[in-house]
Amino acid sequence: MSHLPKLIFELSREGKIGCGLNEADVPAEPAVDAELRRGAIADFPQVSEVEIVRHYMALAKLNYSVDAGFYPLGSCTMKYNPKINERLAAAEELQAHPYAPHDLVQGNLEIMARLEEWLVELTGMAGFTLAPAAGAHGEFTGMLVVRRYLQEKGDPRRVVLIPDSAHGTNPASAHFAGYEVREIASSAKGTIGLAELRPHLTPDVAALMMTNPNTLGIFESDIMAVAEALHANGSLLYMDGANLNALLGIVRPGDLGVDVMHINLHKTFSTPHGGGGPGSGPVGVAANLLPYLPVPRVRKGGSGYEVVYADPRSIGRVKNFYGHFLVIVRALAYLMALGRENVGRVAEDAVLNANYVRSQLQGLLDLPYKAPTLHEVVFSDSGLPVKTLDIAKRLLDYGVHPFTIYFPLIVHGAMMIEPTESESKETLDDFIAVMKVILGEARENPELLRQAPTRTPVRRLDETQAARKPVLRWRKGELH
Amino acid sequence: MRYLPLTDAEREEMKRAIGIADVRELFTCIPSGQCRPPLGKLPKALSEPELLAVFREFGRRNGFAAALSFLGAGAHSHFIPEVVSYLSSKGEFLTPYTPYQPEVSQGSLQAIFEYQTMMAMLTGLDVANASLYDGASAAAEAVLLAVRRSGRSRVLLAESLHPEYAAVIRTYVQNLAIELVPVAVEGASGRVSVSDLRSQLDDATAAFVFQSPNFLGVVEDGKAIAAAVHERKAFAVQVVAEAMSLAYLTPPGEVGADMAVGEAQSFGLPLGFGGPYLGFMAVREEFMRQMPGRLVGETRDLDGQRGYVLTLSTREQHIKREKATSNICSNEAWCAMRAGMYLAVMGQAGLACAARACHLNAAYFVRQAAALAGIRVVYARNFFNEVLVEVRKGSAADLAAALKKKGILAGVPLAWFDAGQKNRLLLAFSELHDRAAIDRLLAAIGEAS
Amino acid sequence: MVKENLLYSKDHEWVLREGNAVTVGITDYAQHELGDVVFVDLPAVGKGLKKGDPAANIESVKAVSDVYSPVTGKVSDVNAKLGDHPELVNQDPFGDGWIFKLSVDQVSELDELMDLKKYEEYLKGIAGE
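Residues numbered from 1 in each chain as written. Chains lettered and ligands numbered in written order. Predicted model: local features only at pLDDT ≥ 70, side-chain atom pairs only at ≥ 80, totals over all residues.

At the junction of the two partners, chain C supplies five residues and chain B supplies five residues. Split into classes, the residues belonging to the side of chain C that touches chain B amount to three nonpolar, no polar and two charged. (Contact = placed C-beta atoms within 7 Å. Nonpolar A, V, L, I, M, F, W, Y, C, P; charged D, E, K, R; others polar.)

Encoded structure:
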């Protein structure tokens, strides 16, 4: 007998009502042929309002969240999500229909234009599209822009170079844009310099996709020379801005030779992750690539803001409507709250926090790449009596969310720690203390870690069974 | 700054621990000439009250709020029970990351499992995924899935597909070896021409993508379509741009569709000027292992307790990289959770009631509009909640502009998508309308046309 | 655990030759590296394969691996039992966990494969890395 909440379907009882709507007050005269209409939705929930509230409250208790505690997931930038932004995004006056006439949505169009201005100033790119729904969607959009630009110059080329430390979305996005992916090995320093680039820089290279700072938390310090070599080859430099938090107000990718980049509003600009989405992945480009950005584009016209829906040189539409507008609202609110005087402080505190964690743990854990750390630090499980997974699971017993594990792939048993600027010194000290306790346990009683977690609502789950005989839905009459 | 908890004293202490005197030393890896760009063009920090005032001003510059709206075309206004807003805004649902640590994410995982189940029930198909970005990109992903599964490269698109969906599909496949072929719509019925469909289907055809109810508001004869498509061993992909129709019309799976994809914004998400919304995908079981997007599955923990995990992850980019079924990573998890809450609260009876009201209100409008001299309802039968009208004199944009002056957003002029369609207007009805609102619309059209 | 009468590829497939028909599976080493197998994507019977073509796809919880065709030929049979019981690849890689059979065009291509002794040396080389 499980102490976990039942499924909503198991709470269902014939005749219970969760929401009392009135029938329409027009005559009940349908105009659809009977054979096109459905009957009652079999087994659909019938649960009372109070039971639904309690059901979800019970589920809520099983979740860890940023609101609950430290969430040092590397590459994910789990910073605090300011509450005022939720109120602003829920405001009735902003909930316009996307096809409302433009003179009735000038405020919304201005919000989009303002965010674009902020992003342009912070990154040094010439312009942004706010359409992409998430980081990977931005990568795909950016690679389509690269391809369209090269195509117009005569040859779209064939290959995109991607460092071995890259996030998996990079090769997948390049692939769906029609490119073949060639992986480049990072140097012993963990970066891509001319020595790593040159052997791969053939005439069929369309672009290099580079994350900066990269997934080791290391700034790609040769980026300007790399950009120059790419440009001399007629290739472009794409920057994955997943880790832009380290550079806010410190340096602008546009000044480093970057041609195309995406950013993640749900990482750098504080919008909530929502258990996996929605995100928003604006794409910025250098001036020569502006014509290829997706439609629609918002611009300031003589009588207010207007929208361009078609442009023959654009890659087209990547999404319906305008993008994730309510995410854009939150990101703009965050930036306006910070103001120009505080954006640099965000990066400074994020980098200070990461380096503080590094300084306190580096004697205890293997640090395979010793180059200076920016916003995150990556340790390895080399030399430990347990695996990274065991440490991660033991952290759960201490009420701390684990760091990112087993990524980047070039680090054995990677532990990728990104504290963000949102954490106080006390929180970091608590985390460091817990890590020390766990590493002690690993030496004295490694089995404790292998059995962890034991204090969570459920213990380690059988992922093999889940994948062998997938049960992806509830069905009446089946054993659940 | 209120979002930064470190005090100056703590910063000093931490710098000492690291062994630096100035935080700038941490940034010496960055080319010095490029450091600290001027940000003088950007505004200064706002306090919380100032922020509220600025956004109130943005809201004031909008002018739609007071209007009676009949806008639809893929974004629909429906009643959202307060319970949905209350529960979904809880930090436990809003602020976690993707549930990669299932031991502390059972809330999100179970909520998504329930959502997947309800979408499968509504579509009449076996399996629904945990979400895709939106209806249009879900349609594009369905095209890629059909091509992957069939090993064929020709995809037929109904001309009655939402133009923005068709545009997104074109964008997605522009560099892949996939041929897109349009299938005509019969002017008289507003439905896909099954004879044109048959003539276009061949052994290289992977799928036929059709929308029902389609962009002209008409419910397709899905059974005839699916039969024709299956004769050539291609897949029938039904796009649903108004998910509320799933609660009123024969579900795609029963009609014979192999996949249903579309937009589930109607399930508890605000209009939000177009996003974030909720792309869904439901398929027959044979597609399960090649589906894009995350999937939550049921399993057991070490003690034999029921629990939920993200599963079949080998399909995804973090494992298969460039060979993945899609590049999607972040999805619309919170929107899907919220849709699950909405569907649970509405329940079997409530959802059916709302969907019925949507249709009956549209049907009432169609009957009453027969008396109006200035407009003609193009398809007066077999619609769900959207109705296409033709303006007899002048343009649809003129009519819409005249009604806007009376505080009514009468519908979306099709010229928004196709400059050639000057005299057509698409109106959407929902359970939020009542007889008085529709009578007001009818009277205003009567006066204006 | 390896078997004497089989031939081996560098991708850790084993090949059992019977006339101009061969049976293909993955070795114990390979199943161990993959971990718990959750799904095997089998080729269509009748499909023509060139030497080195990806023929089948084996998935564990967090890894995917292609099984390459060790020779040119046509798929004559597949192990349908793996559909419901992918774990056979782990439990009995050289027996009930076989994956597919080919009718071979050029038997001479088999000469390029390793015998047991060479494969064991090859495994030692990998372990030494």
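Bringing the domain arrangement of chain A into the picture now. Residue and element names in this part refer to chain A. Along its sequence, chain A is organised into domain 1 (8–60), domain 2 (84–338) and domain 3 (341–464). A straight line from the C-alpha centre of domain 2 to that of domain 3 covers 30 Å. Facing the 20 residues of domain 2 at the interface are 21 residues of domain 3. Tallied by class, residues from the side of domain 2 that touches domain 3 come to 10 nonpolar, eight polar and two charged. (Domains from an automatic or database assignment.)

This part takes up the interface of chain B and chain A. With 163 residues of chain B in contact, the opposing surface of chain A contributes 171 residues. Per-element tally for the side of chain B that touches chain A: the top contributor is helix α12 (residues 333–369) of chain B, with 23 residues. Looking at side-chain class alone, the side of chain B that touches chain A contains 91 nonpolar, 42 polar and 30 charged residues. (Helix = DSSP H or I, 4+ residues; strand = E, 2+ residues; numbered from the N terminus.)

This part is about the sheet that holds strand β11 (residues 404–405) of chain A. Residues and elements named next belong to chain A. Reading across from one edge, β10-β12-β11 is the order of the three strands in this open sheet, with antiparallel pairing throughout. This sheet does not close on itself; its edge strands, each paired only once, are β10 (377–379) and β11. When β11 meets strand β12 (residues 415–417), the two strands line up antiparallel, connected through two bridges. Directly across from Thr-404, in β12, lies its bridge partner Met-416. (Pairing = 2+ DSSP bridges.)

The next point concerns the pairing of strand β7 (residues 64–68) of chain C. Residue and element names in this part refer to chain C. Residue alternation in β7 divides its side chains into a buried set, Ser-65 and Val-67, and an unburied set, Val-64, Asp-66 and Tyr-68. As paired elements, strand β6 (residues 54–60) and β7 share five bridges and run antiparallel to each other. Bridging from a neighbouring strand, Asn-57 pairs with Asp-66 of β7. Hairpin connection between β6 and β7: a loop of three residues separates the two successive antiparallel strands. (Buried ≥ 20, exposed ≤ 12 C-beta atoms within 10 Å, placed from the backbone.)

Let us now look at the nonpolar core. All names here are of chain B. Counting 358 residues, the largest nonpolar core has Ala-139, Val-143, Phe-208, Val-209 and Val-237 as the members making the most contacts within it. Considering each element in turn, this core owes the most residues, 25 residues, to α12. Non-local contacts of Val-209, meaning those with residues more than four positions away in its chain, are made with Ala-139, Ala-142, Val-143, Val-155, Leu-156, Leu-157, Ala-158, Leu-161, Val-237 and Val-239. (Core = buried A, V, L, I, M, F, W, Y, C linked by C-beta atoms within 7 Å.)

All names here are of chain B. Spatially, seven strands are ordered β2-β8-β7-β6-β5-β3-β4 in an open sheet, and the strand pairing comes out mixed. Bordering the open sheet on either side are β2 (127–128) and β4 (179–183), each of which pairs with just one other strand. Where strand β3 (residues 154–158) lies against β4, five bridges are found, and the strand directions are parallel. The residue bridging Ala-158 from the neighbouring strand is Val-183, located in β4. Docked against the sheet, helix α7 (residues 163–173) engages β3, β4 and β6 (235–240), running at close to 160 degrees with respect to β4. Contacts from helix α9 (residues 222–231) reach β5 (205–211) and β6 within the one sheet, and its direction differs from that of β6 by about 150 degrees. (Axes fitted to C-alpha atoms, helices over the stretch in contact; angles between N-to-C directions.)

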